[in-house]
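# Breakdown of the fold
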Amino acid sequence: MKNSTKLEKLKKHLDENNVSYKCRRKHRNGHCDLYVIAAKVSVKIEGDDDEIFYRRHKYGYHPVFIRKSDTPKFVIEKVYNTIYDSMVKQQRLFEKQQRKKEALKNEKRNK
C-alpha cells in the first residue's frame, strides 16, 4: 500500500473522531504532510528529507513518520499514541504551573 493512501486513511480517521488538523497541498522539503494542531504532532511520509524534518521538529513538536512497512492500522495507532503522550505532557506542565501559583499565593498570605 502506498504511503499517501495511508495518510488519506489517517485523515479520514481523524475526521471521524473530530480531531482538527492541517494539511499541505504541495509538499515542501523538510516540512510535515499533516499537522495535528492541539497536540503539536507533525506527521510526515517517509522520504529523502527525513533528517531535515526531524531536526526541525524534534524540539517542541512530536514528529511521526509514515513508513512503507507500516500498516494503516499501525499508523493510526502510532499517531493516536503520540497525541495521547503530547496531551499528558501538556497536562503535567499545566499542573506544575498551577502548583507554583498556589505556592506563591500561600507564601504571600503568610507574610
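Before any of the text, the structure's been laid out above.
Since the model is a prediction, treat every value here as computed from it, not as a measurement. (Residues numbered from 1 in each chain as written. Predicted model: local features only at pLDDT ≥ 70, side-chain atom pairs only at ≥ 80, totals over all residues. Heavy atoms only, no water.)

## Brief notes about the overall build of the chain
- Looking only at helices and strands, the chain features three helices and four strands.
- Helices and strands appear in the chain in the N-to-C order α-β-β-β-α-β-α.
- Over its C-alpha trace the chain gives a radius of gyration of 18 Å, far above what one expects of a compact globule, namely 13 Å for 111 residues.
- Taken along the three principal axes of its C-alpha coordinates, the chain extends 65 × 30 × 25 Å.
- When burial is assessed residue by residue, the chain has 32% of its 111 residues classed as buried.
- Contacts in the chain between residues at least 24 apart in sequence constitute 36% of all its contacts with a sequence separation of at least 6. (Helix = DSSP H or I, 4+ residues; strand = E, 2+ residues; numbered from the N terminus. Rg over C-alpha atoms; globule rule 2.2 N^0.38 Å. Buried < 20%, exposed > 50% of the residue type's maximum accessible area, 1.4 Å probe, protein only. Contact = heavy atoms within 4.5 Å.)

## Topic: the packing of aromatic side chains
- If you walk through the whole model with that rule in mind, you get two aromatic pairs.
- Where Phe53 meets Phe65, the ring centres are 5.3 Å apart and the plane angle is 80°; that geometry is what we call edge-to-face. Of this pair, Phe53 sits in helix α2 (residues 50-57) while Phe65 is found in strand β4 (residues 62-66), placing the two residues 12 residues apart along the sequence.
- Since its relative accessible area comes to 0%, Phe53 is described here as buried.
- Owing to a relative accessible area of 11%, Phe65 belongs among the buried residues under this scheme. (Phe/Tyr/Trp six-rings, centres within 6.5 Å; stacked < 30°, edge-to-face > 60°.)

## Considerations on the pairing of β4
- By the criterion of burial, β4 is predominantly enclosed, with four of the five residues buried.
- Taken together, the five bridges between strand β3 (residues 41-45) and β4 define a ladder with parallel strand orientation. Of the residues in β4, the one forming a bridge with Lys44 is Phe65. (Pairing = 2+ DSSP bridges.)

## What to know about helix α1 (residues 3-16)
- For α1, spanning 14 residues, the distance from its first C-alpha to its last is 20 Å, which sits close to the expected 20 Å at 1.5 Å a residue.
- Among the residues of α1, those classed as buried are Asn3, Lys6, Leu7, Leu10, Lys11 and Leu14. Relative to the axis of α1, the buried residues are bounded by an arc of 145° and lie together on one face. In this structure, α1 carries Lys12 and Glu16 as exposed residues pointing more than 90 degrees from its buried face.
- On its buried face, α1 is in contact with β1 (21-23), β2 (34-36), β3, β4 and α3 (72-110).
- Count one or two residues on from α1 and you reach Asn18, which has phi positive near 55°. (Expected span 1.5 Å × (residues − 1). Arc of directions from axis to C-beta.)

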